[in-house]
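Descriptive structure summary
What follows is the residue order along each chain.
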Amino acid sequence: MNATVGDGSEPETATAAARAVDDGYPAVKVKVGARSLSADLDRLSAVRARCPNVELRADANGAWDRETAADALSGFADHDVAFVEQPLPSAELAGHAALREAHVGVALDEGLLEHGIDAVIDADAADVVVCKPMVLGGVDLARDVAVRAREAGLGAVVTTTVDGALARAGAVHLAASLPSLPACGLATGERLATDLRDAVAPVADGAAAVPQGKGNVPPR
Ligand SMILES: [Mg+2]
């Protein structure tokens, strides 16, 4: 699984990323786009200095225009960022396709929901798609999207929408059903103040074991 690091100052971001690496996460996704690009570059530089070996990703949630996004991907390459989610607003398919000439990959999250996987593939708009079962119509439909993407040569990751314990367990099952998946955004339970029940697939060392009993929910 990847850890997600929200917006924060340069030291806050680096400290949160270092804590995630200490907790066993092989990948860290940093939220960007809420500050100036130069501030975000400083944040990613600080993360890379503290965490030289982690797989680093970023998520702009559609914050940039085309020029800023091109500058961002160019700058992020210096910090070995694997991919940036949604550098441009979700309506932009051609804009994302143009960004794919950079060394840093382009991932579509909101854009996948808006356009659908076939349009994303046809437009060459992404290197990676972010498959969220709770917005793509459930575990089975999200799996269809991931399989279709991978057959077309794209990468896929599974993430939650900061779901409760039951939907997180479904997302873990989905991720586990897809061989050789990169780190996924499933470690979101701690973002909830309260939950429906104890975690069905608790996260430890940046991973979770898939429940082996019948159904998602073993008896308490
Ligand atoms: Mg995202």
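Let us look at the structure shown here. (Residues numbered from 1 in each chain as written. Predicted model: local features only at pLDDT ≥ 70, side-chain atom pairs only at ≥ 80, totals over all residues. Heavy atoms only, no water.)

**Description of the coordination of the magnesium ion**
Every protein donor of the magnesium ion is listed here as Asp59 (OD), Glu85 (OE) and Asp109 (OD), and their distances to the metal cover 2.0 to 2.3 Å. Each donor residue of the magnesium ion lies on the same chain, and together they follow the pattern D-x25-E-x23-D. In this pair, aspartate 59 sits in strand β3 (residues 55-59) while glutamate 85 sits in strand β4 (residues 81-85), placing the two residues 26 residues apart along the sequence. For the pair formed by aspartate 59 and glutamate 85, the shared burial category is buried. (Donors = N, O, S within 2.8 Å, 3.2 Å for Na, K, Ca; no water. Helix = DSSP H or I, 4+ residues; strand = E, 2+ residues; numbered from the N terminus. Buried < 20%, exposed > 50% of the residue type's maximum accessible area, 1.4 Å probe, protein only.)

**Side note on the layout of surface pockets**
What the largest pocket holds in volume is close to 320 Å³. Forming the boundary of the largest pocket are 16 residues, of which Ala3, Thr4, Ala16, Ala20 and Glu190 lie nearest the centre. Looking at the lining of the largest pocket, the elements with two or more residues in it are β1 (2-5), α1 (10-22) and β8 (203-204). Looking at the lining of the largest pocket, its residues break down into eight nonpolar, three polar and five charged. A volume near 230 Å³ is recorded for the second largest pocket. Around the second largest pocket, the lining comprises 18 residues; the ones closest to its centre are Thr4, Lys29, Lys31, Thr160 and Val162. Those elements giving two or more residues to the lining of the second largest pocket turn out to be β1 and β2 (27-31). The residue makeup of the lining of the second largest pocket, split by class, is two nonpolar, eight polar and eight charged. (1 Å grid on protein atoms, 1.4 Å probe; cavity = no way out; pocket = protein on both sides within 12 Å on 5 of 7 lines; lining within 4 Å. Points joined across faces, edges and corners; volume = space filled by probe spheres on them. Nonpolar A, V, L, I, M, F, W, Y, C, P; charged D, E, K, R; others polar.)

**Quick word on the sheet that holds strand β7 (residues 155-158)**
Strand order in the open sheet formed by seven strands is β1-β2-β3-β4-β5-β6-β7, with parallel pairing between adjacent strands. The outermost strands of the open sheet, each flanked by one partner alone, are β1 and β7. Adjacent strand axes in the sheet meet at a mean angle of 25°, parallel and antiparallel pairs treated alike. Bridge analysis of β3 against β4 gives four bridges, and the strand direction is parallel. Bridge pairing in β4 links aspartate 59 to glutamate 85. Along the sheet, helix α3 (residues 66-77) contacts β3, β4 and β5 (105-108); its crossing angle with β4, the most-contacted strand, is approximately 155°. (Pairing = 2+ DSSP bridges. Axes fitted to C-alpha atoms, helices over the stretch in contact; angles between N-to-C directions. Contact = heavy atoms within 4.5 Å.)

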